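# Architecture at a glance
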Protein chains: 2
Amino acid sequence: MLTPNADWHAWTLSPESSSKTIPARRTVWHPKDWTEFVPVICSGWAAASIVLSNGHRQILSFLLPGDLVSTASLFGPISGRSVEAITEVQYRKFRRDDIKVLLRKNQDMLDQVSKLMIDEREQADHLAVDLGRRMADERIARQILYLAKRLAKRGMMNGQTMAFPLRHRHIADATGLTIHHVSKVLAAFQRAGLISIANRSLTITNVTELHKVGVWP
Amino acid sequence: MLTPNADWHAWTLSPESSSKTIPARRTVWHPKDWTEFVPVICSGWAAASIVLSNGHRQILSFLLPGDLVSTASLFGPISGRSVEAITEVQYRKFRRDDIKVLLRKNQDMLDQVSKLMIDEREQADHLAVDLGRRMADERIARQILYLAKRLAKRGMMNGQTMAFPLRHRHIADATGLTIHHVSKVLAAFQRAGLISIANRSLTITNVTELHKVGVWP
DNA sequence: CGAAAATTTGACTTTAGTCAAGATGGGTGG
DNA sequence: CCACCCATCTTGACTAAAGTCAAATTTTCG
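All figures in this text were calculated on a predicted structure; none of them were measured in a lab.

Rules and cut-offs
Each chain carries its own residue numbering, running from 1 in the written order of its sequence. Chain A is the first chain written and ligand 1 is the first ligand written, with later ones labelled in order. Owing to the predicted nature of the model, reporting of local features is limited to residues with pLDDT of at least 70; listing and counting of side-chain atom pairs is limited to 80 or more, with chain, interface and lining totals taken over all residues. The side-chain quantities take in all heavy atoms of the structure and omit both hydrogens and water. Numbering of helices and strands runs from the N terminus, with a helix taken as a DSSP run of H or I at least four residues long and a strand as a DSSP run of E at least two residues long. Exposure categories follow from relative accessible area, calculated using a 1.4 Å probe and restricted to protein chains: below 20% of the type maximum is buried, above 50% is exposed, and the middle band is partly exposed. Any pair of residues with heavy atoms lying within 4.5 Å of one another is described as a contacting pair. We define proximity as follows: a residue is near a molecule or strand when any one of its heavy atoms falls within 4 Å of that partner. The definition of a polar contact used here is a pair of N or O atoms within 3.5 Å, where within protein one atom must be able to donate a hydrogen and the other to accept one, and adjacent residues in sequence count solely through side-chain atom pairs. Basic side-chain nitrogens of Lys or Arg form a salt bridge, by our definition, when they fall within 4 Å of a carboxyl oxygen of Asp or Glu. Here, a strand pair is defined by DSSP locating no fewer than two bridges between the strands. To obtain each axis, a line is fitted to C-alpha atoms, and for helices this fit is confined to the stretch in contact; angles are then taken between N-to-C directions over 0 to 180 degrees. By the convention adopted, Pro, Cys, Tyr, Trp, Phe, Met, Ile, Leu, Val and Ala count as nonpolar, Lys, Arg, Asp and Glu as charged, and the other residues, Gly among them, as polar.

A few words on the environment of B:Leu60. As for its placement among the helices and strands, B:Leu60 is situated in strand E5 (residues 57-63). With a relative accessible area of 8%, B:Leu60 lands in the buried category. Remark: the alpha-carbon pair of B:Leu60 and B:Ala47, spanning 13 residues in sequence, is separated by 7.5 Å. The residues contacting B:Leu60, other than those within four sequence positions of it, are A:Asp125, A:Ala128, B:Ala48, B:Ser49, B:Ile50, B:Arg81 and B:Leu127.

Turning our eyes to something else, we now look at the protein's contact with DNA strand C. In the region of DNA strand C, 15 residues are neighbours, and A:Ala136, A:Thr178, B:His168, B:His180 and B:Ser183 sit closest. Of all DNA strand C atoms lying within 4 Å of any protein atom, the proportion belonging to sugar or phosphate reaches 69%. Interatomic distance of 3.5 Å between a side-chain N/O atom of A:His181 and a phosphate oxygen of DNA strand C. A distance of 3.0 Å is found between a phosphate oxygen of DNA strand C and a backbone nitrogen or oxygen belonging to B:His168. Counting only elements with at least two residues in the surface near DNA strand C, the list comes to helix H6 (179-191) of chain A together with helix H5 (168-175) and helix H6 (179-191) of chain B.

Taken as a whole and assessed by the stated rule, the structure comprises 30 salt bridges over all chains. Among the salt bridges present, the one from B:Arg121 reaches B:Asp125, with a minimum N-O distance of 2.8 Å. Remark: B:Asp125 and B:Arg121 occur in helix H3 (residues 107-133); sequence separation between them is four residues, near one turn of the helix. The salt bridge involving B:Arg134 is made with B:Asp130; its shortest N-O contact spans 2.8 Å. Several salt bridges share partner residues, and in doing so they unite A:Arg57, A:Glu84, A:Arg169, A:Asp173 and B:Arg133 into one network.

A separate point is helix H5 (residues 168-175) of chain A. In terms of residue burial, H5(A) counts as a mostly covered element, since six of its eight residues are buried. Considered for burial, the residues of H5(A) that qualify are A:His170, A:Ile171, A:Ala172, A:Asp173, A:Ala174 and A:Thr175. On the buried face of H5(A), the contacting elements are strand E5 (57-63), strand E6 (81-85), helix H3 (107-133), helix H4 (136-153) and H6 of chain A together with H3 of chain B. Following H5(A) by one or two positions, A:Gly176 adopts a phi angle in the positive range, close to 75°.

A few words on the sheet that holds E5(A). Strand pairs in the sheet, formed through backbone hydrogen bonds, run parallel or antiparallel to each other. All names here are of chain A. Across the sheet, which stays open at both edges, the four strands sit in the order E2-E6-E4-E5 with antiparallel pairing between neighbours. Looking along the sheet, the strands with just one partner apiece sit at the ends: strand E2 (27-29) and E5. Going from strand to strand, the sheet's axes swing by 35° on average, the running direction of each strand aside. Relative to E5, H5 is tilted by about 105°, and along the sheet it contacts E5 and E6.

Take the protein's contact with DNA strand D next. Taken together, 16 residues lie near DNA strand D, and A:His168, A:His180, A:Ser183, B:Ala136 and B:Thr178 sit nearest. Of everything in DNA strand D that lies within 4 Å of the protein, sugar and phosphate atoms constitute 70%. For DNA strand D, a phosphate oxygen lies 3.0 Å from a polar atom in the backbone of A:His168. Note that a phosphate oxygen of DNA strand D is positioned 3.5 Å from one of the side-chain N or O atoms of B:Arg200. If you list the elements that add at least two residues to the surface near DNA strand D, you get H6 of chain A together with H6 of chain B. In terms of residue class, the surface near DNA strand D is built from three nonpolar, seven polar and six charged.

In structure tokens:
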């Protein structure tokens, strides 16, 4: 998440970076689009993913307002990643070269980006652990808990309730499972009273038990 | 992989960074060791991994000579990662603050680190795709092909033959499988004439077919 | 050499995937 | 407002992939 500061604000006002709106379920950013610009999500939910030739897809992260798609992409073009809007999304794009200049003259911003990089690395590590070493129910519970934590940091939780625009397809692609299995696990969670989902909104009804299922710290 | 340049050489000679030797199967770096220094592998093979409380482990990458353990760790302390020697390993440790200074005054090195970051991000993406969306035989074939490619870049391939100090445990922990299943898949690969393993050395005997199994580009 | 670690193998179990068929639900055009 | 369409979700029966357990070998290391 990018915390704005003076320079960043100057930026977001520059003509280059006027915000664009994309309707739900449309592609925000193609794998080929990374040469010159870098997108930042301003509102809505999106997913950064890699699509295989056989049509399978791995979601690498869900993008919430304020999220840079990838910190590494600030330093040079990355390859193969696409970004898809989950809800309607507003985003801005920044010219990489301009950001580099900004980073060089602004120590404060460099520190912030350093922190982002470390966070992102840590998130990538957790993803690998989850996909490689955890059961389906753990993965799904953890995905819910990760999201709750990130939304809370943005003041987007209402008690234990959060907006939940994700389709089962998104959860499946983020956790390496099939939509059918996701459906079964979520149904089981609801039967067990851990969560309840209605109207694209999710409430954690038993935090303790959900933590236990997700082997949460 | 870090390509040495003048400044880097000055570095490796500094008293702080004299090289250390660790015998095979010993821990090189503990999860708590990241506060001030950063290790670089000079010779031998190591594995960077995360260990769960239940004893399970996910290997995030195999480290070959010249590898920095994590580029993000240059910018600040990272958490939870340990590094284990697979063969006997020589490594040097660098003080993060000194590296930062070096990076600031040396444009060339900054460019190099940028490239490293992008490579590392890409490798993390591939790991997630492999763990989330591929079958056991694909994962193992790909792991062999990744290693062959990296070794080739270092001039450490002898035709289609490479040193192969990995235990089944390492392959299992890198691919998210059990040692038993790894053993079965490797046996099948050998029966099918794709590879042959002997004396801690692996030869790819049918590149085309191994590429096919690994869905290699 | 002898103990400990690693590998191999087979029988059996568990987990998650595949397939198929309905149910639900939201949005659109008449 | 309703009828219809499409995407999504649900469920159950069955299959396939990988894990577990156990026991024998083989290799490695001290």
